[in-house]
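# Fold and geometry: a report
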Amino acid sequence: MEKEQYLEEDEAVIDLGDMAAFLLHRWRIIIIVSIILMILVGGFMSYRDWQGLKNKYKDDTYQSMTQDMTDEQIETVNQFFNRYLTYKQRIANNQQYVDSSIRMKLDAANVSVSTREYLIKTDAQQVLLSFSEAALDLDDYKRMAEIIGTDADPRYVGELVSISNSTQQDAYAIDTDKVGDVINGSISNDYNGILTLRVIYDRKDICEKLTAVANDAIMTHFQKLKDAGIKLEVKELTNTYTERVDQGLFDYQQSMIETGANMVSDYYAFQTEAEKSLDEDEIALFKYLIEKKEEVKDSIHWKKWMAIGFGAGFVLAGVCLLISYLMIPAIKTADDARRLTRADSLGTISQPPKARADAFRLIHDIANRVEFHGVLQLDESEAVSIISERIRKITEIKNIDNITLIADATDEYSKDIGGRCLAALKDRGLNVIAGNPSVSAEDIMALRETKGAVLMLTTKKSLPESIKRNISICEESSVPVIGNFIVHPQS
């Protein structure tokens with residue numbers, strides 16, 4: 001039974017919450033190491049990128065390649081290189097359109113078409129044209145793009161909407177009067193026409209929503225013209241919806257794809273032409289200019305290297321801190337103390353965060369919540385007072401008037417708490433001394449003059465061997481350990 005008990009005491013138990021709190025309390029170390037590695041790794045790798053780009057084509061490469069060439073040869077190469085740039089730009093533009101165009105993504109076999117016709121009467125001949133050119137603006141296209149979703153580009157929404165018109169003179173309005181021998185009068189024209197709004201998409205619900213946005217834009221433009229003093233009447237004539245196979249759309253999509261393929265074919269034909277038309281020196285210069293142009297697309301990836309360096313530092317610091325946590329020989333939690341002393345503690349005294357800035361204090365507060373999850377945390381002074389009162393009551397019950405406060409930790413916070421506990425106990429009428437019998441013969445002799453002992457155990461500081469030795473000394477000296485309490489310095 002004795003053997004099994006000691007095995008339980010010595011068994012290594014890792015408290016994940018305490019370990020996480022240990023890391024959070026040391027956030028400064030993690031950030032500092034991360035920044036250092038970000039600078040070292042990011043700086044080194046960025047320098048390596050720069051050296052690679054610098055040495056890829058030295059400054060004298062172009063001069064060395066052209067020093068034996070004639071001006072006519074250089075001009076010929078430049079002409080071919082400019083043609084190369086034109087081909088590449090055309091191919092890129094076409095591909096960008098094919099990738100971004102909403103019209104290119106429509107299903108031509110299932111096209112929804114919403115059509116609305118408006119009868120417009122006005123005395124200004126250009127009114128219908130203004131509807132076609134100014135009714136819809138970029139804000140309207142952005143609203144439509146949001147309806148379509150899937151990162152639709154507002155610049156291509158206009159492909160889905162068309163506004164056309166036809167207009168004719170309807171009548172003359174003649175207004176005359178005669179004053180004496182003078183005839184006054186005016187002749188004004190009335191125009192009418194049909195404005196047609198057509199919206200296409202391959203989903204009915206989306207098509208109807210796009211049509212509603214376009215209709216609102218037309219009505220808004222109509223009101224603006226009226227507010228400007230233009231005589232204008234607008235009346236909706238028809239509102240139809242159809243679904244169909246759009247052969248024209250299919251042909252258009254295929255033509256754009258074929259156009260891109262033809263551009264690529266033309267480019268390869270151009271390359272073949274260049275190789276046949278240029279001599280060896282000209283081809284070498286031509287390829288150099290192309291590679292130099294492509295080199296511009298390559299760059300120093302400093303952001304990537306900085307991010308990798310920071311991440312590596314973060315991981316390295318975390319791993320090192322975890323190893324240091326596991327290597328701590330002292331007790332780490334109240335559970336460790338309970339396993340060693342085989343008794344519950346009288347209370348816990350935890351050091352408040354030292355950070356002054358609110359943001360930094362918040363990190364330590366989070367760490368404390370993790371570390372003391374499920375544990376009631378009291379104000380430092382209140383905790384000292386409660387523990388002292390509990391010790392006083394225990395000594396009263398056991399008829400003990402003098403005790404030893406055994407503390408094996410020598411850090412400043414433990415010394416401070418020990419002194420405050422001594423003062424609080426003396427204020428309550430107890431004769432109390434402090435010492436560490438495990439390392440001092442004098443403290444052993446002083447312990448024997450008292451009738452009880454209280455253990456003050458400090459996490460991350462009190463060694464299991466020291467705690468066991470002090471308990472054994474108390475047993476040898478026939479001094480009962482009447483209780484213990486835990487001190488948690490800020491990690």
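Numbering of residues starts from 1 in every chain and runs along the sequence as written. Given that the model is predicted, a residue must reach a pLDDT of at least 70 before its local features are reported, and side-chain atom pairs must reach 80 or more before they are shown or counted; all residues, however, enter totals for whole chains, interfaces and linings. For side-chain calculations, the full set of non-hydrogen atoms in the structure is used, while hydrogens and water are omitted.

### Quick notes on the pairing of strand β8 (residues 452–458)
Throughout, exposure labels follow a simple rule: accessible area from a 1.4 Å probe, protein chains only, divided by the maximum for the residue type, with under 20% read as buried, over 50% as exposed, and the rest as partly exposed. Counting from the N terminus, the helices are the DSSP runs of H or I reaching at least four residues and the strands are the DSSP runs of E reaching at least two. Most of β8 sits out of view: seven of its seven residues are buried. Every second residue of β8 is oriented toward a common face, with Gly452, Val454, Met456 and Thr458 on one face and Ala453, Leu455 and Leu457 on the other, all of them buried. Where β8 lies against strand β9 (residues 481–488), six bridges are found, and the strand directions are parallel. Across the sheet, the residue bridging to Met456 is Phe485, located in β9. By convention, a crossover is right-handed whenever its connection, traced from the first strand over the helix to the second and viewed with the strands pointing away, goes clockwise. Each parallel crossover has a hand, and for β8 linked through helix α18 (residues 464–476) to β9 it is right-handed. Two strands qualify as a pair provided that DSSP identifies no fewer than 2 bridges between them.

### Re empty space enclosed by the protein
Whether a set of points on the 1 Å grid over the protein atoms alone is a cavity depends on a 1.4 Å probe fitting there but being unable to get out, while an open set qualifies as a pocket with protein on both sides within 12 Å along at least five of seven lines; lining residues are those with an atom within 4 Å of a point. Grid points are joined across faces, edges and corners, and a volume is the space filled by probe spheres set on the points. The final tally for this structure, using the stated rule, is two cavities of 30 Å³ or more. Quantified by volume, the largest cavity comes out at close to 50 Å³. Around the largest cavity, the lining is made up of eleven residues, and of these Gln351, Asn368, Glu371, Phe372 and Pro489 lie nearest the centre. Of the pockets and cavities examined, the second largest cavity occupies roughly 30 Å³. Looking at the second largest cavity, the residues that line it are Ala334, Ala337, Arg338, Ala343, Ser345, Asn484 and Ile486. Taken together, the elements giving at least two residues each to the lining of the second largest cavity come down to α13 (334–341) and β9. Of all the elements, α13 adds the most residues to the lining of the second largest cavity, at three residues.

### Some points on the packing of helix α5 (residues 71–100) against helix α10 (residues 247–277)
Interaxial angle, 0 to 180 degrees, is taken between N-to-C directions of lines fitted to C-alpha atoms, where a helix line uses only the stretch in contact. Look at α5 against α10: their axes get within 10 Å of each other, and the N-to-C directions meet at 160°. The pairing of α5 with α10 is recorded here as roughly antiparallel in orientation. You can see that α5 and α10 cross each other, and the crossing is left-handed. Two secondary-structure elements touch here, α5 through Phe80, Arg83, Tyr84, Tyr87, Lys88, Arg90, Ile91, Asn94, Tyr97 and Val98 and α10 through Tyr252, Met256, Thr259, Gly260, Met263, Val264, Asp266, Tyr267, Phe270, Glu273, Ala274 and Ser277. Note on angle classes: values under 35 degrees are labelled roughly parallel, values over 145 roughly antiparallel, values of 65 to 115 roughly perpendicular, and the remainder oblique. Left-handed describes a crossing whose near helix is turned anticlockwise from the far helix through less than a right angle; right-handed describes the clockwise counterpart. When checking whether two residues touch, look at their non-hydrogen atoms; a contact exists if any pair is within 4.5 Å.

### Observations concerning the packing of aromatic side chains
Side-chain rings of Phe, Tyr and Trp (the six-membered ring for Trp) are treated as a pair once their centres are within 6.5 Å; stacked means planes under 30 degrees apart, edge-to-face means over 60, and tilted covers the remaining angles. Counting across every chain of the model gives ten aromatic pairs. A centroid spacing of 6.4 Å and a plane angle of 70° characterise the contact between Phe80 and Phe286, whose relative ring orientation is edge-to-face. Here Phe286 lies in helix α11 (residues 280–297) and Phe80 lies in helix α5, a separation of 206 residues in the sequence. Exposure remark for Phe80: the relative accessible area of 9% places this residue in the buried category. Under the relative-accessibility criterion, Phe286 is labelled buried at 6%. Among the aromatic side chains, those forming a connected cluster through ring pairs are Phe80, Phe81, Tyr84, Tyr87, Tyr267, Tyr268, Phe270 and Phe286. Cation placement over rings: the criterion is NZ of Lys or CZ of Arg within 6 Å of the ring centroid and within 35° of the ring normal. When the ring centre of Tyr267 is taken as origin, the NZ or CZ atom of Lys88, which lies over that ring, is 5.5 Å away. Sitting over the face of the ring of Trp305, Lys304 holds its NZ or CZ atom 4.3 Å from the ring centroid.

### Points about unusual backbone geometry
Although it is not a glycine, Asn399 sits at a positive phi angle of roughly 60°. Position of Asn399 among the secondary structure elements: in the loop between α15 (380–397) and β6 (402–407). With a relative accessible area of 66%, Asn399 lands in the exposed category. Even without being glycine, Lys460 reaches a positive phi, approximately 70°.

### Digging into the confidence of the model for the protein chain
Averaged over the protein chain, the pLDDT score is 85; the fraction of residues at 70 or greater is 88%. Here residues 1–9 is modelled with pLDDT under 50, and outside its nearest four sequence neighbours on either side it reaches six contacts, counting other chains as well. Contacts from residues 169–179, a stretch scored under 50 in pLDDT, to residues over four places away or in other chains number 27 contacts. Across the chain, each position has a pLDDT score giving the predictor's confidence in that residue, from 0 to 100.

### Focus: a nonpolar patch on the surface
Each patch is assembled from residues with relative accessible area greater than 30% and no salt bridge, linking like charges that lie within 9 Å and nonpolar side chains (Val, Leu, Ile, Met, Phe, Trp, Tyr) that lie within 5 Å. To be clear on the numbers: accessible area is Shrake-Rupley with a 1.4 Å probe, and residue cover counts the displayed protein chains and nothing else. What counts as a salt bridge is simple: a side-chain nitrogen of Lys or Arg found within 4 Å of a carboxyl oxygen of Asp or Glu. Residues Ile31, Ile35, Ile39, Phe310, Phe314, Val315, Val319, Ile323 and Met327 make up a contiguous nonpolar surface patch of roughly 800 Å² in combined accessible area. Elements that contribute at least two residues to the nonpolar patch include exactly α3 (27–56) and α12 (302–327). Mapped onto the elements, Ile323 comes out in helix α12.

### What about the nonpolar core?
Only buried residues count toward a nonpolar core, which is a set of Ala, Val, Leu, Ile, Met, Phe, Trp, Tyr and Cys residues joined through side-chain atoms within 4.5 Å. Phe131, Ile148, Leu160 and Tyr201 are the most contacted members of the largest nonpolar core, which has 40 residues in total. Looking at this core, the elements that each hand over two or more residues are α6 (102–105), β1 (111–122), α7 (127–134), α8 (138–148), β2 (161–179), β3 (182–201), α9 (204–227) and α10. Sort the elements by how many residues they give to this core and α9 lands first, with nine residues. Non-local contacts of Leu160, meaning those with residues more than four positions away in its chain, are made with Ile102, Arg103, Leu106, Ile148, Arg198, Val199, Ile200, Tyr201 and Leu210. The next biggest cluster of nonpolar side chains, apart from the first, holds 23 residues, and it includes Val384, Ile387, Met456 and Val487.

### What about the sheet that holds β9?
The strand order β5-β9-β8-β6-β7 describes an open sheet built from five strands, whose pairing is parallel. The open sheet has two edge strands with one neighbour each: β5 (348–350) and β7 (431–435). Strand-to-strand twist across the sheet, computed as the mean angle between neighbouring axes with direction ignored, equals 20°. In this structure, β6 lies alongside β7, joined through five bridges in parallel fashion. Paired with Ile403 across the bridge in β7 is Val432. Those strands touched by α15 are β5, β6, β8 and β9, and its axis lies near 160° from that of β5. Along the sheet, α18 makes contact with β6, β8 and β9, crossing β8 at roughly 180°.

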